[in-house]
Amino acid sequence: MQSRHFKQVDVFTTTPYRGNPLAVVLDGSGLSIAEMQHFTNWTNLSECTFLLPPTPEGAAAGADYRVRIFCPGRELPFAGHPTLGSCHAWLEAGGVPRTEHVVQECGVGLVKLRRDGERLAFAAPPLIKSGPLPEEDVALIARGLGVAREDITAHAWCDNGPNWRGVMLRSAEQVLALQPDAAILAGLDIGVVGPRGKVGVVGAREAVDTQFEVRAFFPGNNGLAEDPVTGSLNAAVAQWLIGAGLAPERYVAAQGTAMAREGRVHIERDASGTIWVGGQSVTCIEGSVRL
């Protein structure tokens, strides 16, 4: 075992403990997959990342670093909040990108990140599967969410690695009121989005702040789990909603509200058609771990 620099970062928030936490081991050199997986499971967080030098092929293509992303039980080729949180930790530890963008190497290849002031944003990876969901899936999801079928106003595959199914409800209030049935939705990864308007929005959370409320449900923890703030889902949802004319080319989504979090995901489609998914991160714990 050796001492390795470690950070625990809260992603998609400016307020500590109100976003989605991520464990980052800043030097994963020499660790086996089994050791990485065991440490990830021990952290009891949704994801843990290990930073490494880029492969020779990655370095030749411009990668600044390589990241391996683990969740409990398996390694992921890509995930959104680990991408932003790892980049935040790498820059904070003194990492210097080779170009104006930071280039991350991971399981899906190279992912480009840009800095927007205090925010970092990644270029949304291409969808593996898109288009409308089968009607039998939509009917099942409606039953599992406890809503009428007609309350689902739009739906689509939102698969960019994680096998998300996306559905849109009539309002943010309806999204926040959901109490899904784990038995009915067993085995499904579901993203629910609802437009936010002035009606029903109180306090500081007005329409000028956020335009959509997002919730993400997936199998986990011996039942149905909810993710506080989900980069991969928001990336895919943005590609769906903007492409279908259901959202403007720039918007902010809120996620985690039902879990007493304050996630904010900034979406923008640039002139080239690239969709950027951004948010701020804050380091909550810093030190070293023995691995």
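Residues numbered from 1 in each chain as written. Predicted model: local features only at pLDDT ≥ 70, side-chain atom pairs only at ≥ 80, totals over all residues. Heavy atoms only, no water.

A. Inspection of the overall build of the protein at higher detail. Counting secondary structure elements, the protein contains 6 helices and 17 strands. A compact globule built from 291 residues would reach a C-alpha radius of gyration of about 19 Å, and the protein, at 19 Å, matches this within 12%. The dimensions of the protein, computed from C-alpha atoms along their principal axes, are 55 × 45 × 35 Å. Within the protein, the fraction of its 291 residues that count as buried is 52%. (Helix = DSSP H or I, 4+ residues; strand = E, 2+ residues; numbered from the N terminus. Rg over C-alpha atoms; globule rule 2.2 N^0.38 Å. Buried < 20%, exposed > 50% of the residue type's maximum accessible area, 1.4 Å probe, protein only.)

B. Region of the structure containing unusual backbone geometry. Backbone geometry at Phe 12 places phi at a positive 65 degrees, although glycine is not the residue there. For Phe 12, the position within the fold is in the loop between β1 (3-11) and β2 (20-25). Given the relative accessible area of 1%, Phe 12 is considered buried. One non-glycine residue, Ala 260, lies in the positive phi region at around 65 degrees. Note on placement: Ala 260 falls in the loop between β14 (250-255) and β15 (263-269). Residue classification places Ala 260 among the exposed residues on the basis of a relative accessible area of 56%.

C. Quick look at the state of the cysteines. Scanning the model with the defined rule gives 0 disulfides in all. For the unlinked cysteine Cys 48, the closest cysteine sulfur is that of Cys 71, found at 11 Å. Given a relative accessible area of 0%, Cys 48 falls into the buried group. The closest cysteine sulfur to the non-disulfide-bonded Cys 284 is located on Cys 48, 15 Å from its own sulfur. (Disulfide = S-S within 2.5 Å.)

D. Local environment of the environment of Phe 217. Assignment of secondary structure puts Phe 217 in strand β12 (residues 212-220). By relative accessible area, which is 3% here, Phe 217 ends up buried.

E. Layout of the pairing of strand β9 (residues 154-159). A large share of β9 lies buried, amounting to 6 of its 6 residues. Side chains Ala 154, Ala 156 and Cys 158 of β9 all project onto a buried face; the interleaved residues His 155, Trp 157 and Asp 159 project onto the opposite face, where all are buried too. Here 6 bridges tie β9 to strand β10 (residues 163-168), and the two strands are oriented antiparallel to one another. Opposite Trp 157, over in β10, you have Arg 165 as the bridge partner. (Pairing = 2+ DSSP bridges.)

F. The arrangement of the pairing of β1 in detail. Pairing between β1 and strand β17 (residues 281-290): 9 bridges, direction antiparallel. Bridge pairing in β17 places Phe 6 opposite Gly 287. Pairing analysis gives 6 bridges linking β1 to β2, with the strands arranged antiparallel. Opposite Val 11, over in β2, you have Asn 20 as the bridge partner.

G. The pattern of salt bridges, seen in detail. Applying the stated rule across the entire model yields 12 salt bridges. With a closest N to O distance of 2.7 Å, Glu 268 and Arg 114 form a salt bridge. Highlighted residues: Glu 268 in strand β15 and Arg 114 in strand β7 (residues 109-116), separated in sequence by 154 residues. Among the residues examined, Glu 268 registers a relative accessible area of 19% and is labelled buried. The salt bridge involving Arg 170 is made with Asp 151; its shortest N-O contact spans 3.0 Å. On the criterion of sequence distance, the pair formed by Arg 170 in the loop between β10 and α5 (172-176) and Asp 151 in the loop between α4 (135-145) and β9 is long-range, its members being 19 residues apart. The exposure class assigned to Arg 170 is partly exposed, which follows from its relative accessible area of 48%. A residue is classified by how much of its surface remains accessible, and Asp 151, at 16% relative accessible area, is buried. Each of Arg 114, Asp 116, Arg 250 and Glu 268 takes part in a single network of salt bridges with overlapping partners. (Salt bridge = Lys/Arg side-chain N within 4 Å of Asp/Glu carboxyl O.)

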